[in-house]
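# Understanding the architecture of this molecule
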Amino acid sequence: MQEGTIVSFTTIHHPPEGFPAGPRIIGLIELHDGTKVTGQLMSSDSSLIKIGQTVLPKMRLSAVNAQGLRLYDIAYEVSALHPVKTQFPGYIVALTGPSGVGKTTISLVLSTTIGKDVERVPIVTTREAKVGDEDEYRHISTEDFAHLKKENLLATSVSIPSSTEKRWYGYRTSDIEAIWAKGKIPMVITEMNLLQGLSSHFGRRSILSFGLLPPGKSKRQMLSTLLHRLRDRGRDTEKQIEDRLKNAEADLQFFTDRKELFDHLIVNDQLETVIEHLSGRVREHVQS
Amino acid sequence: MDEAITSAIENAGCTALDIDTVIVGNMLGEVTNNQAHLGAMAASLLPHHPPSLRAEAACASGSVAVHTACALLESGKAQTILVVGVEKMTDTPAGKIAHALMGAADAEKDAPSGLTFPGIFGLIAQRYMHEYGLSRDRLNIVSALHHKNAVSNPFAQFRNAIPTEKISQSPKVAEPLCMLDCSPISDGAAAVILSTKMESPMSIAASQIASDTVSITDRATLTSFAATKDAMEAALAEASLRREDIDHLELHDCFSIAAIISLEDMGFAEPGQGISLYEKVGPLSINASGGLKACGHPVAATGIKQIIDVSKQLSSSGKAYGLTQNFGGAAATCGIHIIKNTQP
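Residues numbered from 1 in each chain as written. Chains lettered and ligands numbered in written order. Predicted model: local features only at pLDDT ≥ 70, side-chain atom pairs only at ≥ 80, totals over all residues.

Turning to the overall build of chain A, a few remarks are in order. Along chain A, the regular secondary structure elements total 7 helices and 14 strands. Radius of gyration (C-alpha) of chain A: 24 Å, far over the 19 Å computed for a compact globule of 288 residues. Projected onto its principal axes, the C-alpha positions of chain A cover 80 × 45 × 35 Å. Within chain A, the proportion of its 288 residues that are buried is 31%. (Helix = DSSP H or I, 4+ residues; strand = E, 2+ residues; numbered from the N terminus. Rg over C-alpha atoms; globule rule 2.2 N^0.38 Å. Buried ≥ 20, exposed ≤ 12 C-beta atoms within 10 Å, placed from the backbone.)

The next point concerns the sheet that holds strand E6 (residues 187–195) of chain B. All names here are of chain B. Taken in spatial order, the 4 strands of this open sheet run E2-E1-E3-E6, and their pairing is mixed. A single partner strand is all that each edge strand has here, and the edge strands are strand E2 (52–55) and E6. Across this sheet, the average inter-strand angle for adjacent strands is 20 degrees, counted without regard to direction. For strand E3 (residues 80–88) and E6, the ladder comprises 9 bridges, and the chain directions are antiparallel. Opposite Gly85, over in E6, you have Ala190 as the bridge partner. (Pairing = 2+ DSSP bridges. Axes fitted to C-alpha atoms, helices over the stretch in contact; angles between N-to-C directions.)

The subject of this paragraph is the domain arrangement of chain A. Domain boundaries assigned for chain A yield domain 1 (4–78) and domain 2 (92–287). The C-alpha-based centres of domain 1 of chain A and domain 2 of chain A are spaced at 42 Å. (Domains from an automatic or database assignment.)

Let's shift gears to helix H7 (residues 136–150) of chain B. Note: α-helices contain 3.6 residues per turn, so residues at a spacing of three or four share the same orientation. Residue and element names in this part refer to chain B. The end-to-end C-alpha distance of H7 is 22 Å, a good match for the 21 Å that 15 residues give at a rise of 1.5 Å each. Within H7, the full set of buried residues consists of Leu139, Asn140, Val142, Ser143, Ala144, Leu145, His146, His147, Asn149 and Ala150. Taken together, the buried residues of H7 touch helix H9 (256–265), helix H10 (276–279) and helix H11 (291–295). (Expected span 1.5 Å × (residues − 1). Contact = placed C-beta atoms within 7 Å.)

Here it is in structure tokens:
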């Protein structure tokens with residue numbers, strides 16, 4: 001029998017046939033191994049029953065059936081020793097934006113300006129190593145990635161198919177928690193699926209989320225700015241640039257469709273202003 | 001059931017003999033009336049006893065019955081089908097009905113803890129309030145609006161307006177849900193005639209169903225229903241429409257919180273924002289009939305009754321498209337139908 005945490009709970013005032021009359025508190029409980037169960041919640045003080053509270057299993061008489069058979073079931077007792085898990089683990093700074101908008105440059109400058117407060121979270125990936133990956137990526141095999149995922153060690157993951165293979169990307173929960181433990185704010189340079197995953201794993205309130213937009217009055221102008229930047233960068237072939245632009249269009253749409261996932265949308269027209277703005281916002285949160 | 005069938009035949013302007021197939025949606029016949037075999041029961045109300053079958057998908061039985069009818073019509077197996085949803089619940093003691101309705105949940109994973117259906121939605125509501133900060137006072141607006149809408153609906157079970165603040169003052173059922181958050185136990189029947197042979201101003205532009213895990217313990221989230229999302233996407237694609245083209249909506253408000261989550265899953269509101277569509281009325285009309293809360297929720301009749309209500313709304317407003325969303329259990333089955341007014 002495993003301990004668990006309360007995902008949700010309800011007080012049922014009219015229990016079904018066969019159960020003792022009167023209010024019965026039932027919880028949906030996430031067990032240690034990630035499976036969920038429903039069960040009666042017990043506590044000497046019902047105000048201790050809260051979402052996020054740790055509960056311990058206990059065999060208990062649940063009902064007596066029509067034939068007089070006494071049915072025992074596992075109920076869950078609120079443990080006074082294990083207080084409510086903190087609802088708010090800490091802030092994570094997230095930068096999201098289309099390819100070519102300047103995420104990498106901004107993050108490099110940020111790590112010098114507010115480097116003592118923030119630290120970059122490495123991306124775990126199954127894709128092949130490239131030059132310049134050292135700071136950003138941790139390369140692992142597809143088997144290792146599947147293992148991390150199965151053991152629930154990833155805060156979020158996404159598979160992005162490429163022409164040759166299925167590439168996996170993700171963030172390890174332990175990497176993020178280690179940065180918090182140092183008293184710093186983890187920073188992720190990320191994309192929409194991973195951002196969404198982080199937000200549901202740690203709670204939307206934990207993500208200090210910035211969307212980066214290329215300059216331009218219309219979507220077409222923005223995309224053309226990106227095209228020029230990608231060509232100037234000279235890292236990709238024309239075919240790759242075409243693919244990146246297609247993704248960029250989806251990314252820009254994402255800012256409108258899922259605007260609740262962003263705290264600030266920033267236009268990257270002048271590096272200095274963007275950096276000033278970003279570090280200002282981050283500092284506000286560090287102090288508060 | 002007889003009354004619903006008779007008025008459907010009258011309304012369709014055909015005779016009983018035109019019907020070549022009967023489909024009955026029903027969930028609880030065995031429990032409430034010791035009666036199974038409802039397909040043949042309905043067929044025996046017609047003079048020529050056409051071929052018949054019964055569809056069951058808990059509270060989504062009605063829309064699954066209509067979906068089955070569409071499939072038979074498209075295949076050419078049938079040309080004119082009587083689809084009837086029926087439930088007789090009020091003669092059965094409340095404890096027995098509550099127990100029977102739990103048949104829509106997972107008998108091994110959900111029921112043994114003593115959970116009831118209001119209890120499942122109590123868990124969902126509690127979690128939703130936790131994640132999105134929805135207040136109890138704002139939730140009150142949902143049932144209050146449904147009761148207000150039902151005042152002018154002669155077919156509604158409860159035609160009384162209820163002040164918003166009274167909703168959360170009603171007896172507690174499964175906290176945070178109160179009695180007036182829950183759809184009632186009802187008797188009712190609804191019938192439509194679907195035909196590829198006859199003309200009608202109303203046609204079905206899309207009929208889609210989708211499934212999810214029966215037990216809430218197998219879900220990644222409590223605050224969104226994947227089956228609604230899947231059925232909605234498929235229905236819009238089938239009809240080649242966008243959400244904005246829909247003018248009238250009848251959604252499945254078995255509990256007030258379900259209405260809010262459904263609006264979000266159908267994409268009419270962002271996650272966490274569903275309540276805002278109840279706070280500012282229009283342009284989309286939502287549950288103008290009074291919904292399940294005020295019209296009553298005779299389980300299998302609901303999905304068919306929604307289609308009838310949306311059709312009435314379309315013919316009175318002259319708009320082109322209406323949509324119904326009907327789910328069973330905690331949306332382990334969801335049926336979505338888009339109704340097109342061919343004479344707007």
